[in-house]
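Observations on the three-dimensional arrangement
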Amino acid sequence: MLEEKASRYFTDFNGRFKARLAAVTPAFMPAATHELTGISSRYECRIKVEYHKDIMGLIEEGMLVAVRNFKSNPKDQRHSLMVISRVWPEHYGLKGLSEHSYYPMQFEIIQQSVKDWDTSDKSTMMVQISALPINYDLVLNGDREPKYEKGFTYPVIAAEAEILNRDMISHMYNQRVLAKLGFNAKTTTSDAYKDPRIGTIQMFESMEEKIPIYLDFEAMVRYHFGIFAFTGAGKSNLLSNILRRLLIHQPEVKVIVFDISSEYPFLLMDLFADDKIPSKIILENPVTNAEQFYASVVKPREYEEDDRVRKVFARIFGQKKITYYLKPESKVPTYGDIVEELNRQRNESLDKPHYVNALDRIRQDVVDYKSEHGMTDSKPIDEEFIKQLDEWGRGAVDEYKISDRSGVYAWATSRVTLIDNLKRAEKEKRTTGGLDIEGIRELVEKETRLTCISISDPYVIKELVVDLAREFLHRRKRSFKVKPYVLFVFDEAQEFVPDLGGSSGIDKDCSRIVETLLRQGRKYGLGGCLATQRIAYLNTNALQQLHTYFVGTLPRPYDRTVVSDTFTIDKQILEKTLEFAPGEWLLSSFIATGMENVPIFIRADNAETEVEKTLNKLA
């Protein structure tokens, strides 16, 4: 029975892993919190493993260990689960070697001990494991499906420690998600069009078939996600792969990418070149031919001279998927601008009650008009409204006897001149083409599934974020609409959601509206993604709205501390990220993985594989 249980749920690597829980130590908790203290697990567990010559190549950090706990009984076998955070071997002879020993004797002992590692001498050597509880119990009850119950139960000291096998790991992390995705494949593949996995779990990598990792895309979009790593860790690569799988396997999701560095037309070229996926690339300036479009996009160094890229970009250009953002030279005020002007006039006239009363009357008329006609603050005013505003203004100054030499009188009686601005803006739009704010919103709502806004001017793209986010939020609130889901992607997120304490002007406005989008958007099917290399510079209120996060290499201790504090990941686990190669990530989620807030070390699939396939196929 024990052998059957071991083969079904656990692995001993063919008899090479024999371990017991040696100690459970309460973790040190600092008396006073400090910005560098971070979050710690309540306990640290020490596991001692009998030495075998192969064992150091089989045990990996991130593996899950189960130890019988005090709630276990003959009916329900309960195990406390913990994640391996450190592994190291010890040699009895070397451990007893003193720095004060005679030097030739020290060298002799060290030299003699080298051969011991190639044996399986249990009397001389041992492997130590440090593990942290993940606050879940594994419940095994005969032939029933294993259950996972949230909460920490104290494990039995000296009880046997067992490593969960490949099938159990896959079951834990993927079973619930696969059922929701409706996907069932006998084998796993990195092909994004055949398999919705985002990568593989970094466990049992010596086995031929890797363990895939799947995410609940719907939950990840609605409850927001973040990608945090230093330059060169592969943020853009991971993000483009997630977006690719979202669009292929989740037909009810639309994506808007705010691409300040102009990388995504290249990274997502297979989607843009696909006739079946409605998409649009919005550039900063108009381009008249495929060569101009090619020159405006940033490409990885190894593809800069690749002529195949030109051919694929020419194909995308030929499909009329390229347009540009129309920045109106003749500024047409929005309804929000009019209300703001009235508020400013009111604040300047507080010592004149009749001026205040006149402005309040006009403001109330504007608010009533907006409500009746379903207008939002970000929507530009039209000719009918301007005529009404002029009528309200003249009526209010007459009723309250406003002096004709005052600024309030001049403002209220000159609104009809805005019609000239309106006509000039309409003329510009007809003659130059392009898309304004309203055009982009309609494009996303009705036509495209993937919209990439590649604008390098920070002020222009931030204004666009503010207006689009307000417009989408307002319209979804009024219609109580949830689908289709719309994902707002902010690459280089430090540009869009900077810390409010050190920002002002458009930076502060943009940070506030993105924070509002993340706080309120989940109720209306509006999701957000933040990708950045300096998490410490971000608005922490916005960060706390993220329910799924990918953490790569963060060399600065302060950045790791912010991640630890915000997402309750133990710092010992985060230290492991310093060893990551590009494409390796620590994944944790409150809602999109099979286990809530359990850290998983993964290796993401490479986005350039799909790019290369597209280049070979189309060029």
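Presented here is a report on the structure given in the accompanying data block. (Residues numbered from 1 in each chain as written. Predicted model: local features only at pLDDT ≥ 70, side-chain atom pairs only at ≥ 80, totals over all residues. Heavy atoms only, no water.)

1. Side note on the pairing of strand β8 (residues 160-164)
Counting buried residues in β8 gives four out of five residues, a clear majority hidden from the surface. Of the pairings in the sheet, the one linking strand β1 (residues 10-11) to β8 comprises two bridges and is antiparallel in character. Pairing of Phe 10 across the sheet is with Leu 164, part of β8. For strand β4 (residues 64-68) and β8, the ladder comprises three bridges, and the chain directions are antiparallel. Its bridge partner being in β8, Val 65 is matched across the sheet by Ile 163. (Buried < 20%, exposed > 50% of the residue type's maximum accessible area, 1.4 Å probe, protein only. Helix = DSSP H or I, 4+ residues; strand = E, 2+ residues; numbered from the N terminus. Pairing = 2+ DSSP bridges.)

2. Considerations on the side chain of Asp 605
In this fold, Asp 605 is placed in the loop between β20 (600-604) and α22 (607-618). Of note is the side chain of Asp 605, whose polar atom sits 3.2 Å from the side chain of Arg 245. When neighbours within four sequence positions are excluded, Asp 605 is seen to be in contact with Ser 190, Arg 197, Ile 198, Gly 199, Asn 237, Asn 241 and Arg 245. (Polar contact = N/O pair within 3.5 Å; in protein donor to acceptor, adjacent residues only side chain to side chain. Contact = heavy atoms within 4.5 Å.)

3. With respect to the environment of Val 253
Among the secondary structure elements, Val 253 is positioned in strand β12 (residues 253-258). A relative accessible area of 0% means that Val 253 is categorised as buried. In sequence terms Val 253 and Arg 166 are 87 residues apart; their C-alpha atoms lie 32 Å from each other. Leaving out residues up to four positions away in the same chain, Val 253 has contacts with Val 221, Leu 246, Leu 247, Arg 449 and Tyr 485.

4. Looking at the pairing of strand β7 (residues 147-150)
Sheet topology note: the strand β6 (residues 125-140)/β7 ladder contains four bridges and is antiparallel. Directly across from Asp 137, in β7, lies its bridge partner Glu 149. Between β6 and β7, which pair antiparallel and follow one another directly, the connecting turn spans six residues, one of which, Gly 142, has a positive phi of 55°.

5. What to know about the packing of helix α16 (residues 437-447) against helix α17 (residues 458-479)
Between α16 and α17, the least distance of the axes is 10 Å, while the angle of their chain directions is 50°. Our classification of the angle between α16 and α17 gives oblique. Where α16 crosses over α17, the two elements pack in a sense that is right-handed. In this structure, α16 uses Ile 437, Glu 438, Ile 440, Arg 441, Val 444 and Glu 445 to contact α17, whose residues at the interface are Leu 464, Asp 467, Leu 468, Glu 471, Phe 472, Arg 475 and Arg 476. Looking at side-chain class alone, the contact of α16 with α17 contains six nonpolar, no polar and seven charged residues. (Axes fitted to C-alpha atoms, helices over the stretch in contact; angles between N-to-C directions. Parallel < 35°, antiparallel > 145°, perpendicular 65-115°, else oblique. Left-handed = near helix turned anticlockwise from the far one by under 90°. Nonpolar A, V, L, I, M, F, W, Y, C, P; charged D, E, K, R; others polar.)

6. Topic: the layout of surface pockets
Roughly 430 Å³ of internal volume is contained in the second largest pocket. Lining of the second largest pocket is provided by 19 residues; of these, Ser 236, Asn 237, Glu 263, Leu 267 and Pro 300 occupy positions nearest its centre. Broken down by secondary-structure element, the contributors of at least two residues to the lining of the second largest pocket are α6 (235-249) and α7 (264-267). At three residues, the largest contribution of residues to the lining of the second largest pocket is made by α6. (1 Å grid on protein atoms, 1.4 Å probe; cavity = no way out; pocket = protein on both sides within 12 Å on 5 of 7 lines; lining within 4 Å. Points joined across faces, edges and corners; volume = space filled by probe spheres on them.)

7. Some words on the environment of Lys 48
Position of Lys 48 relative to the elements: it lies in strand β3 (residues 43-50). The partly exposed category is assigned to Lys 48, whose relative accessible area is 33%. Taking the C-alpha atoms as reference points, Lys 48 and Leu 342, 294 residues apart in sequence, are found 73 Å from one another. Look past the residues within four positions of Lys 48 in its chain and what remains in contact with it is Lys 18, Ala 19, Arg 20, Ala 22, Met 126, Val 127 and Gln 128. Here the side chain of Lys 48 touches Gln 128 through a polar contact of 3.3 Å, side chain to side chain.

8. Quick look at the sheet that holds β12
Read from one edge to the other, the open sheet built from twelve strands follows the order β10-β9-β20-β19-β18-β11-β17-β16-β12-β15-β13-β14, with strand pairing classed as mixed. What marks the edges here is a single partner per strand, and that holds for β10 (211-213) and β14 (322-324). Across this sheet, the average inter-strand angle for adjacent strands is 25°, counted without regard to direction. Relative to strand β11 (residues 225-228), α6 is tilted by about 155°, and along the sheet it contacts β11, β12, β15 (450-454), β16 (485-491), β17 (526-532), β18 (548-551), β19 (584-589) and β20.

9. Regarding the environment of Gln 112
Position of Gln 112 relative to the elements: it lies in helix α3 (residues 103-113). Residue Gln 112 is classed as partly exposed on the basis of its relative accessible area of 42%. Separated by 193 residues in sequence, Gln 112 and Glu 305 have C-alpha atoms that sit 56 Å apart.

10. Some details on the packing of aromatic side chains
For any pair of aromatic rings, the description consists of the separation of the ring centres together with the inter-plane angle of the planes. All told, the structure shown has 24 aromatic pairs when counted by the stated rule. Where Tyr 43 meets Tyr 154, the ring centres are 5.6 Å apart and the plane angle is 90°; that geometry is what we call edge-to-face. Of this pair, Tyr 43 sits in strand β3 while Tyr 154 sits in the loop between β7 and β8, and the two are 111 residues apart along the sequence. Their ring planes at 85° and their centres at 5.9 Å tell us that Phe 580 and Phe 601 sit as a pair that is edge-to-face. Within this pair, whereas Phe 580 is found in the loop between α21 (571-575) and β19, its partner Phe 601 is found in strand β20, the two being separated by 21 residues in sequence. Given the relative accessible area of 9%, Phe 580 is considered buried. Counting every residue linked through ring pairs, the aromatic cluster contains Phe 258, Phe 472, Phe 488, Phe 490 and Phe 496. Lys 299 extends its terminal NZ or CZ atom over the ring of Tyr 294, reaching a point 4.1 Å from the ring centre. When the ring centre of Tyr 537 is taken as origin, the NZ or CZ atom of Arg 534, which lies over that ring, is 4.4 Å away. (Phe/Tyr/Trp six-rings, centres within 6.5 Å; stacked < 30°, edge-to-face > 60°. Lys NZ or Arg CZ within 6 Å of the ring centre and 35° of its normal.)

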